[in-house]
Structure formats: C-alpha cells, structure tokens
Amino acid sequence: MAGRAVLVSGGAGCLGAAAARALAARGCAVAVADRDLEGAERVALDCRERAPASFAIGVDLATAEGPERMVETAAEGLGGLDVLVQCAAAAPVEPFLEPTAEAWEAALLVNGRACALADAAAGRIMKAQGRGISTPSAPSATRRSRWAGAPIPRRWRRWSSGSCSTRPAT
Ligand SMILES: NC(=O)c1ccc[n+]([C@@H]2O[C@H](COP(=O)([O-])OP(=O)(O)OC[C@H]3O[C@@H](n4cnc5c(N)ncnc54)[C@H](O)[C@@H]3O)[C@@H](O)[C@H]2O)c1
C-alpha cells in the first residue's frame, strides 16, 4: 500500500479516523474529509507523521455538489486517487417509536446519496487511471451498487470489512 493515494470520508469520526491513521501508517497519503474540519485537521496531522502528503478537506456531504468536490479536491491534492474509503455517516438520534421524515431524509442524503455520488466521481478518476479501489462504506447498506451480492475479489478482502458487500443491499 505504500505510496497509494487514499481518500477517507468521515475521517474525523471513529471508523474514519482509525482507517486514515492505519493507512497512513502503511505509507499511504491520506486525504481526510469531514464536515468537522477541525477534527479532520487533527487526524491529518497524525497521518502526516508517517505520510507527509496527507491533508484535511472540509466538506458537507449532504449537499448535491459536496461528494464530487471532495473527490476532486482529494485527487488534485494527492496527484490521483487509488482508494476511496467512505465512513461519513449521519445518524440522528430519535425516539424509536417517533421517527421523523426530516431526520431520515437528512441521514439518507449522507449515508445514501453522497456515497453513490462519491463512488461515481472516484470511479471516473480510477477508470481513467486504470486502477483503484472503492471500499464498501460503513453506511452503504442503504444503497444498491453494482457490486451488491458479488463476491469480494481476493485482492480486496484484506481491506474490506465485507459486512456490506457480501450480501445484496436492501
Ligand atoms: N463505530 C463502529 O464500531 C461501527 C460499527 C459498525 C458500523 N458503524 C457505522 O459506520 C458509520 C460510521 O461510524 P462512526 O462510529 O465512525 O461514526 P462517527 O459519528 O464517529 O463518524 C461519522 C463522521 O461522519 C461525519 N459526517 C456526518 N455528516 C456529514 C456530512 N454531512 N458531511 C461530511 N461529514 C459528515 C461526522 O462529522 C463524523 O466525523 C455509521 O453509519 C455507523 O453506524 C460503526
């Protein structure tokens, strides 16, 4: 993995920060993207100890243009994009028996639409490069992708939780 260019969304969060730090420790340059720019900066600072080209991106993935802008900013700053790891997630807390449409819509924008748009933007760059990996995102069970239900290629398994991509999304 050393020398690979990686974008981690939700990089200020629990899973995203762990992924960013782990990949930087293996020599990947990491673009750490999050709505929480201060948090992303802190994680990027840690990443730079092992991967000096790492940097933070502030982005609101609930916006229509956010996902593509995030991917393009990362690819520009890293000089390409080899791996996309999507960990950004919105999880409004509500009483179980009183869910609101507004909260679900807000969650689906980040956990669903943003994942699909970022996947596509990264896919276009990776296709042009002739290489690249988009990992199953933590919240990706909310969307249906062309990989849903397909076995994970052997070379991906080491990097994938497998929990979302080994069964069809619902
Ligand atoms: N932590 C776990 O052990 C675990 C296990 C299994 C699944 N998950 C799932 O993985 C996902 C991530 O988990 P986590 O624990 O890292 O959550 P987290 O809340 O710690 O991190 C989510 C990150 O997404 C960012 N984010 C939210 N809305 C955004 C937006 N509009 N634009 C940009 N960034 C935005 C937040 O700022 C935050 O940093 C969740 O869907 C969670 O349910 C987590």
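Above this text is the structure in question.
What counts, and at which threshold
Residues numbered from 1 in each chain as written. Predicted model: local features only at pLDDT ≥ 70, side-chain atom pairs only at ≥ 80, totals over all residues. Buried ≥ 20, exposed ≤ 12 C-beta atoms within 10 Å, placed from the backbone. Helix = DSSP H or I, 4+ residues; strand = E, 2+ residues; numbered from the N terminus. Pairing = 2+ DSSP bridges. Right-handed = clockwise from strand over helix to strand, strands pointing away. Expected span 1.5 Å × (residues − 1). Arc of directions from axis to C-beta. Contact = placed C-beta atoms within 7 Å. Core = buried A, V, L, I, M, F, W, Y, C linked by C-beta atoms within 7 Å.

### Thoughts on the pairing of strand β4 (residues 83–86)
Item 1. Neither face of β4 is left uncovered, since the one carrying V83 and V85 and the one carrying L84 and Q86 both have all their residues buried.
Item 2. In the sheet, strand β1 (residues 5–9) pairs with β4 via four bridges, with the strands oriented parallel. Along β4, the bridge assignment pairs V8 with V85.
Item 3. In terms of strand pairing, β4 meets strand β5 (residues 133–134) through two bridges, oriented parallel. The residue bridging V83 from the neighbouring strand is I133, located in β5.
Item 4. For the crossover that starts at β4, traverses helix α4 (residues 101–129) and ends in the parallel β5, the hand is right-handed.

### Concerning the pairing of strand β2 (residues 29–34)
Item 1. With six of its six residues buried, β2 lies for the most part within the structure.
Item 2. Here β2 shows two buried faces, one formed by A29, A31 and A33 and the other by V30, V32 and D34.
Item 3. Here β2 pairs with strand β3 (residues 55–58) via four bridges, running parallel. By the bridge assignment for β3, D34 is matched with G58.
Item 4. This β-α-β element, β2 to helix α2 (residues 37–50) to β3, shows right-handed connectivity.

### Quick look at α2
Item 1. Its 14 residues place the ends of α2 20 Å apart at the C-alpha level, agreeing with the 20 Å of an ideal helix rising 1.5 Å per residue.
Item 2. Every buried residue of α2 is listed here: A40, V43, A44 and C47. Seen from one end, α2 has its buried residues packed into an arc of 105°, which puts them on one side. For α2, the exposed residues lying more than 90 degrees away from the buried face are E38 and E49.
Item 3. Where α2 is buried, its residues contact α1 (14–25), β2 and β3.

### A look at the environment of M70
Item 1. Considering the arrangement of structural elements, one finds M70 in helix α3 (residues 66–78).
Item 2. By the C-beta count within 10 Å, which is 27 here, M70 ends up buried.
Item 3. Residues M70 and V32 lie 38 residues apart in sequence; the distance between their C-alpha atoms is 9.8 Å.

### Some remarks on the nonpolar core
Item 1. Among the nonpolar cores identified, the biggest contains 44 residues, and V6, V8, A20, V30, V32, A33 and A74 are the most heavily contacted of them.
Item 2. Of all the elements in the fold, those that place two or more residues in this core are β1, α1, β2, α2, β3, α3, β4 and α4.
Item 3. With six residues, the single largest contributor to this core is α4.
Item 4. Those residues in contact with A20 that lie beyond four places of it in its chain are V8, G11, V30, V32, V43 and C47.

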